[in-house]
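Listed below are the residues making up each chain.
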Amino acid sequence: MPELRKDYVTDTWVVFSAARAHRPGAFKKEKLTTDPAKCPFCYGHEPMTPPEILAYRKDGQPNGPGWWIRCVPNKFPALQIYGDLNRMGEGIFDRINGIGAHEVIVETPEHFLSLSTMPLKAAEDVLWAYYMRLSDLKKDKRFKYVMIFKNEGEVAGASLEHTHSQLIALPVIPKLVKEEIDASRKYFDYKERCIFCDLINQELEDGRRLIYQNAGYVALAPFASRSPFETWILPKSHEPNFSPLKDDFSGFADILQKVLKQMDRILDIPPYNFLIHTSVFHDEVSEYYHWHLELLPKLTKIAGFEWGSGFYINPTPPEEAAKYLREAKI
Ligand SMILES: [Zn+2]
Ligand SMILES: [Zn+2]
């Protein structure tokens, strides 16, 4: 059974995952699965994954062909979906049994397509799948948060080449999310305005860190970008929860694909992580929190200074990063 433990010195929860247990000798570099013949996400290989939770298919049976998006439980989950949530103490320590959901969204049956190269409509459906899973997991009283994320490329943490995203539902609010929410609330208490709405207005006016915009969304390089070419995508109108705009994900799919294409162009198809920051469950009418996607191409390494200090060293100023991305010919 996986377990979460709280460290009161670093104020961090750590997941100890049974399914991923490794003996000391087993930490050799995991190889990326690149051969379509051995790929569990390729069309026709449906029996290689656990049974699907959600699928978009025209015809055919569940767990058979006919699909264009599948969502399945992670075969090696960090957390386990079955069981009751138990909080336990051990002297000064806290632990929770590792209840959670860990799912994989297979974005396409085609092995060599990516989120940036698939048709716009297909990318839109990927976002709908995120939204449907998020809405469903919100009904589970054991969970407080769902993190939707994508690891693209081996150095960004992917173990399969075939394009996919993941989500993890958690019984606790992640530390970074809590810090962002606390900071937004503090700003709101002081100014009675959403910090993200203010940020968007200022960056649209200033323009130096602006990467791309369409009617509903803006992509910008944050003023204090943690790593080169860090990009945030935000809805222009205030919205605390990851959700479609007027029942439509086309604007978000457009801006996400544009930015990924710009990065593919100027950074030579970089590995990257993205994650969606949305409001915590049961606090969804917040005036101070504003959902967004954070996209971080994996171009530098986190080393001793960063681990020890929480500082980041970034060789690329966001004004330059934004200019390169803006001017990329896609
Ligand atoms: Zn594949
Ligand atoms: Zn806002």
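Residues numbered from 1 in each chain as written. Chains lettered and ligands numbered in written order. Predicted model: local features only at pLDDT ≥ 70, side-chain atom pairs only at ≥ 80, totals over all residues. Heavy atoms only, no water.

A. Region of the structure containing the coordination of the zinc ion (ligand 1). Surrounding the zinc ion (ligand 1) are the protein donor atoms Cys39 (SG), Cys42 (SG), His111 (ND1) and His162 (ND1), which sit 2.0 to 2.3 Å from the metal. When the donor residues of the zinc ion (ligand 1) are listed from N- to C-terminus, their spacing reads C-x2-C-x68-H-x50-H. When its relative accessible area of 0% is taken as the criterion, Cys39 is described as buried. Given the relative accessible area of 9%, Cys42 is considered buried. (Donors = N, O, S within 2.8 Å, 3.2 Å for Na, K, Ca; no water. Buried < 20%, exposed > 50% of the residue type's maximum accessible area, 1.4 Å probe, protein only.)

B. Local environment of the pattern of salt bridges. Going through the model one piece at a time under the given rule, you end up with 24 salt bridges. The partner of Asp206 in a salt bridge is Arg208, and the shortest N-O contact between them spans 2.9 Å. One network of salt bridges, with partners in common, ties together Glu3, Arg5, Glu90 and Arg95. (Salt bridge = Lys/Arg side-chain N within 4 Å of Asp/Glu carboxyl O.)

C. Examining the coordination of the zinc ion (ligand 2) more closely. The zinc ion (ligand 2) binds to the protein through Cys194 (SG), Cys197 (SG), His238 (ND1) and His290 (ND1), with metal-donor distances spanning 2.1 to 2.3 Å. Taken in chain order, the donor set of the zinc ion (ligand 2) reads C-x2-C-x40-H-x51-H. A residue pair is termed long-range when its members are at least 10 positions apart, and Cys194 in the loop between α2 (175–191) and α3 (195–206) and His290 in the loop between β13 (272–277) and β14 (292–297) qualify at 96 residues. This pair shows no difference in class: Cys194 is buried, exactly as His290 is. (Helix = DSSP H or I, 4+ residues; strand = E, 2+ residues; numbered from the N terminus.)

D. Local environment of the side chain of Thr278. Relative to the elements of secondary structure, Thr278 occurs in the loop between β13 and β14. Using a relative accessible area of 3% as the deciding quantity, one classes Thr278 as buried. In terms of polar contacts, Thr278 uses its side chain to reach the backbone amide nitrogen of Phe242, at 2.9 Å. (Polar contact = N/O pair within 3.5 Å; in protein donor to acceptor, adjacent residues only side chain to side chain.)

E. Structural detail: the pairing of β13. Taken across its six residues, β13 has six buried, putting it largely inside the fold. Where burial is concerned, the two faces of β13 agree: the one with Tyr272, Phe274 and Ile276 and the one with Asn273, Leu275 and His277 are both buried. When β13 meets β14, the two strands line up antiparallel, connected through six bridges. Note on β14: the bridge partner recorded for Phe274 is Leu295. (Pairing = 2+ DSSP bridges.)

F. Quick look at the side chain of Asp198. Following the sequence through the fold, Asp198 ends up in helix α3. Taking relative accessible area as the criterion, Asp198 reaches 18% and is therefore assigned buried. Those residues in contact with Asp198 that lie beyond four places of it in its chain are Tyr187 and Arg193. (Contact = heavy atoms within 4.5 Å.)

G. Molecular detail of the packing of helix α4 (residues 250–267) against helix α6 (residues 318–327). With their axes 9 Å apart at the nearest point, α4 and α6 run at an angle of 100° to one another. Taken together, the axes of α4 and α6 are roughly perpendicular relative to one another. Taken together, the residues of α6 that come into contact with α4 (itself represented by Gln262, Met263 and Ile266) are Tyr324, Leu325 and Arg326. Residues belonging to the contact of α4 with α6 are distributed by class as follows: four nonpolar, one polar and one charged. (Axes fitted to C-alpha atoms, helices over the stretch in contact; angles between N-to-C directions. Parallel < 35°, antiparallel > 145°, perpendicular 65-115°, else oblique. Nonpolar A, V, L, I, M, F, W, Y, C, P; charged D, E, K, R; others polar.)

H. Expanded view of the packing of aromatic side chains. If you walk through the whole model with that rule in mind, you get 16 aromatic pairs. Taking 5.0 Å as the distance between ring centres and 85° as the angle between the ring planes, the aromatic pair formed by Trp128 and Phe249 counts as edge-to-face. Of this pair, Trp128 sits in helix α1 (residues 120–137) while Phe249 sits in the loop between β12 (231–235) and α4; the two residues are 121 residues apart in sequence, bridging distant segments of the chain. Exposure remark for Phe249: the relative accessible area of 0% places this residue in the buried category. (Phe/Tyr/Trp six-rings, centres within 6.5 Å; stacked < 30°, edge-to-face > 60°.)

I. Structural context of unusual backbone geometry. Positive phi is not limited to glycine here, since Phe229 has a value of about 70°. Mapped onto the elements of the fold, Phe229 is located in the loop between β11 (217–220) and β12. Overall, Phe229 belongs to the buried group, its relative accessible area being 10%. Residue Ile269 is not a glycine yet carries a positive backbone phi of 50°.

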